[in-house]
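What follows is each chain in one-letter form.
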Amino acid sequence: MDKKQQILTALREELSRWENMLSDLSEEQIVNRQLPSDLSIKDVIGHLRAWQQVSIARLEAAQHNHEPAYPDWLAGLDPESEEHIEQFNARIHEIYRQQPWSQVHQEWQDGFLRLLELSEAIPEKDLFDTEKYPWLKGYALVDVLQGTHEHHHIDHLEPILAWFHQQKP
């Protein structure tokens, strides 16, 4: 299996892990703010959906050979700006806070599938080229995909699963 297919397989498996976890929960468990961060799982999915938009913008830009059209919640700021991360996340929370779970879930799921579809369409050599897309500032598109995987898995799924494990008697 080539490297492109390995990362796409990892992303598909991540989507499946999330869907399996979500299917084991009631809507009440998903929308209640019970996580240690005082967030709900719905809040986390909304957060992941918003950052997914940044990855999709990059993949679409690569496919159409133009600069990324980032989501409005970035307000024109660099998505890699660590100094604005709390501001970004606060905006994201406000966007998804009032939306029903079914809508947040559907947007996240559709976004994940779109990310996979775009990734499939990009030639492997382009995914690994660190110079082809100057707006990636020396990174390759594969870094976007790996970052998406790590953000979903390491930053969010693992802590949620660990928290659930601690809650069991």
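Novice: I tried to follow the environment of Lys 4 on my own but got confused; where do I start?
Specialist: Here Lys 4 is to be found in helix 1 (residues 3-23). For Lys 4 and Val 142, which are 138 residues apart along the polypeptide, the C-alpha to C-alpha distance reads 7.9 Å. Filtering out sequence-adjacent residues up to four positions away, Lys 4 remains in contact with Ser 119, Glu 120, Ala 121, Ile 122, Pro 123, Glu 124, Leu 127 and Phe 128.

Novice: Explanation requested: the packing of aromatic side chains in the structure shown.
Specialist: The relation between two aromatic rings is expressed through the spacing of the ring centres and the mutual angle of the planes. Per the counting criterion, the structure on display carries seven aromatic pairs. Between Trp 51 and Trp 73, the ring centres sit 4.9 Å apart and the planes meet at 75°, which makes this aromatic pair edge-to-face. In this pair, Trp 51 is assigned in helix 3 (residues 41-64) and Trp 73 in the loop between helix 3 and helix 4 (85-97), connecting sequence segments 22 residues apart. For the pair Trp 51 and Trp 73, a shared accessibility class is recorded, and that class is buried.

Novice: Sorry, what's going on with the packing of helix 1 against helix 7 (residues 141-167) here?
Specialist: For any two helices packed against each other, one specifies the crossing angle of their axes together with the interaxial distance. As a packed pair, helix 1 and helix 7 sit with axes 10 Å apart at the nearest point and diverge in direction by 30°. In terms of their interaxial angle, helix 1 and helix 7 are classed as roughly parallel. Taken as a pair, helix 1 and helix 7 cross one another with a handedness that is left-handed. Contact with helix 1, carried on its side by Ile 7, Ala 10, Leu 11, Glu 14, Arg 17, Trp 18 and Met 21, involves Val 142, Leu 145, Gln 146, Thr 148, His 149, His 152, His 153, His 156, Leu 157, Ile 160, Leu 161 and Phe 164 of helix 7 and no other residues of that element. Of the residues in the contact of helix 1 with helix 7, the class split is eleven nonpolar, six polar and two charged.

Novice: When you look at helix 3 in this model, what are you seeing that I'm missing?
Specialist: Each α-helix winds once per 3.6 residues, and so residues spaced three or four apart point in a common direction. Here helix 3 spans 34 Å end to end across 24 residues, near enough to the 34 Å set by a 1.5 Å rise per residue. The element helix 3 is extensively covered by neighbouring structure, given that 20 of its 24 residues are classed as buried. Asn 65 sits one or two residues past helix 3 and shows a positive phi near 55°.

Novice: Looking at this structure, I do not really get the pattern of salt bridges. What am I missing?
Specialist: Pairs can form between side chains of opposite charge whenever their charged atoms are close. Applying the stated criterion across every chain, the model contains ten salt bridges. In this structure, the salt-bridge partner of Asp 43 is Arg 33, at a minimum N-O distance of 3.5 Å. You can see Asp 43 sitting in helix 3 and its partner Arg 33 sitting in the loop between helix 2 (27-31) and helix 3, a full ten residues away along the chain. Notably, a salt bridge pairs Glu 117 with Arg 114, separated by 3.1 Å at the nearest N-O pair. With Glu 117 and Arg 114 both in helix 5 (residues 101-121), this residue pair falls three residues apart, about one helical turn. What you see here is one network of salt bridges that share partners, running through Glu 60, Arg 114 and Glu 117.

Reading guide: rules and limits
All residue numbers refer to position in the chain's written sequence, counted from 1. In keeping with the model being predicted, local features are shown solely for residues with a pLDDT of at least 70 and side-chain atom pairs are shown and tallied solely at 80 or more, while totals for entire chains, interfaces and linings include all residues. Only hydrogens and water are set aside; all other atoms, that is, all heavy atoms of the structure, feed into the side-chain values. The helix and strand labels rest on DSSP assignments: H or I over at least four residues marks a helix, E over at least two residues marks a strand, and numbering proceeds from the N terminus. The criterion used for residue contact is that any of the two residues' heavy atoms lie within 4.5 Å. Aromatic rings from Phe, Tyr and Trp, with only the six-membered ring used for Trp, were paired whenever their centres fell within 6.5 Å, and each pair was classed as stacked if the ring planes differed by under 30 degrees, edge-to-face if by over 60, and tilted otherwise. Think of it in three bands: with a 1.4 Å probe and only protein chains considered, a residue is buried below 20% of the maximum accessible area for its type, exposed above 50%, and partly exposed in between. The axes used here are C-alpha line fits, helices contributing only the stretch in contact, and every angle between their N-to-C directions lies in the interval 0 to 180 degrees. Angles are sorted into four bins: roughly parallel if under 35 degrees, roughly antiparallel if over 145, roughly perpendicular if 65 to 115, and oblique for all others. Each crossing gets its handedness from the near helix: less than a right angle anticlockwise from the far helix is left-handed, clockwise is right-handed. We call Asp, Glu, Lys and Arg charged. Ala, Val, Leu, Ile, Met, Phe, Trp, Tyr, Cys and Pro are nonpolar, and the rest, Gly among them, are polar. Multiplying 1.5 Å by the helix residue count minus one yields the expected span of that helix. By definition here, a salt bridge exists when the distance from a side-chain nitrogen of Lys or Arg to a carboxyl oxygen of Asp or Glu is within 4 Å.

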